[in-house]
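# Structure at a glance
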Amino acid sequence: MARCTFAGVPAILLFLFQLASDDFTFVDPRPVTITGYSGDAMEPFLTPDGRDLLFNNSNADPARTDLQWAERIDDVTFAYRGTLSGANSTALDAVASIDSDGAMYFISTRDPALATVYRATFENGVVRDVVPLPALTAPGHLIFDAGVSEDGSTLYLSDGVFNGGAVPASADLAIAVRTAGGGLQRIDDGEFADINTAALEYAACISSDRLELFFTRIVGGVPQIFRSTRSDSSSPWRPPRRLAAISGFVEAPAIAPGGNALYYHANRGGRFVIERVTRRLRRRAAAH
């Protein structure tokens, strides 16, 4: 029987190389239960106080995609409280994130010609003062995911080019920073030089100290979750590594308050569910 190789390298060596390059910082994946809710659960986000879980139902046609919320019972159990009042439209509304001042950002296709990123105010399950942010979108591109840093200074964008399909033809991470006037302005400072590739990179979140970045990358047609670190908040991100404990079709990482757990959604048996992994060792800011 012919031995399986790639470019002359035995498959076992490729496996060992992949194993050596993986990131084992997080372990012990566990399912998250949302009591009172039986639908798909995607794009999780934990509010900075840890009390609320925001998510959305399926984003696939013909579902109407709405933002949902639940309140914490324990680390892996939340009580469903319904759709997020004031946030949803008749179009797709998804991918919520909130900074420590209650400023909420989310994606909506209610008027894609104007904008897909919206800002609002979140308090006790109610969303107010929803406004579009059209200046963030580059010509010919579509922002399909956004996540704010806890201090509200930076918005991490998933910037894609779509050619008619559900999956973008290209997707990279980009950032917008808060200006002196309180607005957001896109910048390109080379921060993602070792992150963005010819593959699709999207759905990023950042730790509260801004020294860890988590995101999704599609590898071999399967989305996987990666982690990168840096020594200080003004440095570029180091080459990322895949989180080894998170397997299968997985997307949309969300770091929990305190940084010792990571939530994400997974496709398990054709249904999207939220899962959680925990940090293996005591956190060290710049460690891989």
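Residues numbered from 1 in each chain as written. Predicted model: local features only at pLDDT ≥ 70, side-chain atom pairs only at ≥ 80, totals over all residues. Heavy atoms only, no water.

## Considerations on the packing of aromatic side chains
Aromatic rings considered in pairs are described by the distance between their centres and by the relative angle of their planes. Put simply, the test is: Aromatic pairs are defined between Phe, Tyr and Trp rings, using the six-membered ring for Trp, whenever the two ring centres lie within 6.5 Å; interplanar angles under 30 degrees are classed as stacked, those over 60 as edge-to-face, and all others as tilted. Helix and strand assignments follow DSSP, with helices taken as H or I runs no shorter than four residues and strands as E runs no shorter than two, numbered in order from the N terminus. Residue burial is assigned from relative accessible area. The probe radius is 1.4 Å, only protein chains are included, and a residue is buried under 20% of its type maximum, exposed over 50%, and partly exposed in between. Here, a charge over a ring means that NZ of Lys or CZ of Arg falls within 6 Å of the ring centre while also lying within 35 degrees of the ring normal.
Within this structure, the stated rule accounts for eleven aromatic pairs. Seen in terms of ring centroids, tyrosine 156 and phenylalanine 192 are 6.3 Å apart; in terms of plane orientation they differ by 75 degrees. Their pairing is edge-to-face. Taken together, the residues span a long stretch of sequence, with tyrosine 156 in strand E14 (residues 154-161) and phenylalanine 192 in the loop between strand E16 (184-187) and strand E17 (201-206) at a distance of 36 residues. Using a relative accessible area of 1% as the deciding quantity, one classes tyrosine 156 as buried. With a relative accessible area of 8%, phenylalanine 192 lands in the buried category. Summarising the aromatic geometry, the rings of phenylalanine 249 and phenylalanine 272 are spaced 6.0 Å apart at their centres and angled 65 degrees between planes, so their arrangement reads as edge-to-face. Of this pair, phenylalanine 249 sits in the loop between strand E20 (241-242) and strand E21 (250-255) while phenylalanine 272 sits in strand E23 (residues 271-279); the two residues are 23 residues apart in sequence, bridging distant segments of the chain. Assessed through its relative accessible area of 14%, phenylalanine 272 is described here as buried. The ring of tyrosine 118 carries the charged tip of arginine 110 above its face, separated from the ring centre by 5.0 Å. Cation over ring: arginine 217 sits above phenylalanine 226, and NZ or CZ is 4.8 Å from the ring centre.

## Describing the sheet that holds strand E8 (residues 77-83)
Within a sheet, each strand pairs with its neighbour through backbone hydrogen bonds, oriented either parallel or antiparallel. To keep it simple, the criterion reads: A pair of strands is treated as paired once DSSP finds two or more bridges between them. Inter-axis angles, ranging from 0 to 180 degrees, are taken between N-to-C directions of lines fitted to C-alpha atoms, where helices are fitted over the stretch in contact.
The strand order across the open sheet built from five strands is E4-E8-E7-E6-E5, with neighbouring strands paired in mixed fashion. Because the sheet does not close on itself, it has two edges, and the strands there are strand E4 (33-35) and strand E5 (42-46). Going across the sheet, the axis of each strand differs from the next one's by a mean of 35 degrees, ignoring polarity.

## Quick notes on the pairing of strand E13 (residues 142-148)
A large share of E13 lies buried, amounting to six of its seven residues. One ladder, built from six bridges, connects E13 with E14; its direction is antiparallel. When the sheet's bridge partners are listed, isoleucine 143 is paired in E14 with aspartate 159. Adjacent in sequence and paired antiparallel, E13 and E14 are bridged by five residues, among which glycine 152 carries a positive phi angle near 75 degrees.

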